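Remarks on the overall topology
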Amino acid sequence: MVEVAAAFETLGFVGLGAMGRGMASNLTRRSGRPVHVFDAVAELITPLVDVGATESSSVADLGAAADVVFLSLPGIGDVETVCAQLLDADPRPSMVVDMSTCDVRRTRALAARMAEAGVGFVDAPVARMRQAAVDGTLFIAVGATPDQFDALEPLLATMGTDVVHCGSSGAGQVVKIVNNMVVLNTMHTLAEAIAIARTAGMDAEVLVDVLAKGSADSFMLRSPATRALVTDEFPLHAFPTLYGIKDISLALTLAEEGGITARAARSTLELLAAARDGGYEQEYYPVFIRAIEGRL
């Protein structure tokens, strides 16, 4: 059993989608605490019950049973809706931890509203790929007070190997958003490099292998570029184009609020939009190489 604050004896998890199901499974199996789960898609709940979680009939039912509730949802609108439902719980949870990727300004405003209602709110978005959610090896960027972070860190460590206190409310979202901006921009550059090299008669597999030996080496080159750009395989059950558009748009919102032009991010958004408009909404986002190469 992990050592956590006495106030967090019972846990809740809402959102059992692509990332949430692995996260909730690890929380259930590793925390040593009762975990209540809920998802609007009923069939997603059964695998969690199979590993020891308890099914809740609604968000409010879960909120009444749990001291701290973790969220993994598509966006800030969903988070705001679920938080409103948690405030209807009797009793209310003492803490909500949002592990989604969300707008920074609205995250901070929601944290203030929850605090007024006597409920703590922490942003703790996750990075790395779906397998990391299954393995419990996520990177988790946390926006919280020091006391909140200290109380939650043992629970977050059941889901991630790198749990980092990034600052106060919203700081976790800032880190996650700019992380994904760098990832998307990097893949954009790699896709252009491979497309250019192919037109010059270079084999993409050879190119990536050689680049990995020099100063252009990176995780993005060795992992997703090798698995997707070189093979031209873009599965549906990975990080899709629509998610990429959402995340780069969040980065551009932050940039605009700070008076930054962010030309590279804007160019990447245009490329993602071209892939979407070409019929690749749900495919793994590096499919945008087909837009670069005129293959939409």
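Look up a bit, the structure's there.
Residues numbered from 1 in each chain as written. Predicted model: local features only at pLDDT ≥ 70, side-chain atom pairs only at ≥ 80, totals over all residues. Heavy atoms only, no water.

1. Brief notes about the nonpolar core
For clarity, the cut-off: To qualify as a nonpolar core, a set must consist of buried Ala, Val, Leu, Ile, Met, Phe, Trp, Tyr and Cys residues joined through side-chain atoms within 4.5 Å. Each residue is placed in one exposure class: buried if its accessible area under a 1.4 Å probe, protein chains only, is under 20% of its type's maximum, exposed if it is over 50%, and partly exposed if it falls in between. Starting at the N terminus, helices and strands are each numbered in turn, a helix being any DSSP run of H or I of at least four residues and a strand any DSSP run of E of at least two.
Ranked by size, the top nonpolar core spans 34 residues in total, and within it Phe70, Val97, Met99, Ile140 and Leu156 carry the most contacts. For this core, the secondary-structure elements that each account for two or more residues are strand E1 (11-14), helix H1 (20-30), strand E2 (35-38), strand E4 (68-71), strand E5 (95-98), helix H6 (130-135), strand E8 (138-143) and helix H7 (146-156). Top element by residues in this core is H7. It accounts for 5 residues. Core analysis: the next-biggest nonpolar cluster, separate from the first, contains 32 residues, Ile248, Leu252, Leu272 and Ile289 among them.

2. Comments concerning the pattern of salt bridges
Note the following rule: Just to be clear on terms, a salt bridge is a Lys or Arg side-chain nitrogen sitting within 4 Å of an Asp or Glu carboxyl oxygen.
Scanning the entire structure with this criterion turns up 12 salt bridges. Between Arg198 and Glu293 there is a salt bridge whose closest N-O contact spans 3.1 Å. With Arg198 in helix H8 (residues 171-199) and Glu293 in the segment after helix H13 (289-292), this pair connects stretches of sequence that are 95 residues apart. The class for Arg198 is partly exposed, based on a relative accessible area of 29%. Glu293 gets classed as partly exposed once you look at its relative accessible area, which sits at 26%.

3. Points about the packing of helix H5 (residues 104-116) against H8
We apply this condition: Fitting a line to C-alpha atoms yields each axis, with helices limited to the stretch in contact; the angle taken between N-to-C directions then spans 0 to 180 degrees. For this classification, under 35 degrees means roughly parallel, over 145 means roughly antiparallel, 65 to 115 means roughly perpendicular, and everything else is oblique. Working rule for handedness: look at the near helix, and if it is turned counterclockwise from the far one by less than a right angle, call the crossing left-handed; if clockwise, right-handed. Contacts are assigned to residue pairs that have any heavy atoms within 4.5 Å of one another. Amino acids are sorted into nonpolar (Ala, Val, Leu, Ile, Met, Phe, Trp, Tyr, Cys and Pro), charged (Asp, Glu, Lys and Arg) and polar (every other residue, Gly among them).
Between H5 and H8, the least distance of the axes is 9 Å, while the angle of their chain directions is 160 degrees. Judged by the angle between their axes, H5 and H8 are roughly antiparallel. The two elements H5 and H8 cross, and the hand of that crossing is right-handed. For the pair formed by H5 and H8, the contact residues are Val104, Thr107 and Arg108 on the first element and Ala171, Gln173, Val174 and Ile177 on the second. When grouped by side-chain class, the residues that make up the contact of H5 with H8 number 4 nonpolar, 2 polar and 1 charged.

4. Some words on the packing of aromatic side chains
Keep this limit in mind: Each pair of aromatic rings taken from Phe, Tyr and Trp, with Trp reduced to its six-membered ring, is defined by centres within 6.5 Å and is described as stacked if the planes are under 30 degrees apart, edge-to-face if over 60, and tilted in the remaining cases.
With the rule as written, the count across this model stands at 5 aromatic pairs. On the basis of an interplanar angle of 80 degrees and a centroid distance of 5.6 Å, the ring pair of Phe239 and Tyr243 is categorised as edge-to-face. Take Tyr243: its relative accessible area is 45%, and that puts it in the partly exposed class. Between Phe239 and Tyr285, the ring centres sit 5.9 Å apart and the planes meet at 85 degrees, which makes this aromatic pair edge-to-face. With a gap of 46 residues between them, Phe239 in the loop between helix H10 (219-229) and helix H11 (241-257) and Tyr285 in the loop between helix H12 (263-277) and H13 connect regions that are remote in the sequence.

5. Some points on the pairing of strand E6 (residues 120-123)
For the record, the criterion: Place the viewer so that the strands point away; then a crossover is right-handed whenever the path from the first strand over the helix to the second strand goes clockwise.
Residues Gly120 and Val122 line one face of E6 and the alternating positions Phe121 and Asp123 line the opposite face, and both faces are buried. Crossover E5 to E6 through H5 is right-handed.

6. What about helix H4 (residues 76-87)?
Quick reminder of the rule: Multiplying 1.5 Å by the residue count of a helix minus one yields the expected span of that helix. In this context, the arc is that of the directions from the helix axis out to the C-beta atoms.
Over its 12 residues, H4 extends 16 Å from the first C-alpha to the last, a length consistent with the 16 Å expected when each residue adds 1.5 Å. Among all positions in H4, only Ile76, Val79, Val82, Cys83 and Leu86 are buried. Looking straight down H4, one finds that the buried residues subtend no more than 125 degrees of arc, so they occupy a single side. Contacts made by the buried residues of H4 are with E1, helix H3 (59-65), E4, E5, H5 and E6.

7. Section: the environment of Pro91
Mapped onto the secondary structure, Pro91 falls in the loop between H4 and E5. Sequence separation between Pro91 and Tyr243 is 152 residues, and the spatial gap between their C-alpha atoms is 35 Å. Ignoring any residue separated from it by four or fewer positions in sequence, one finds Pro91 in contact with Gly63 and Ala64.

So far we have only geometry, and geometry alone does not tell us how the molecule works.
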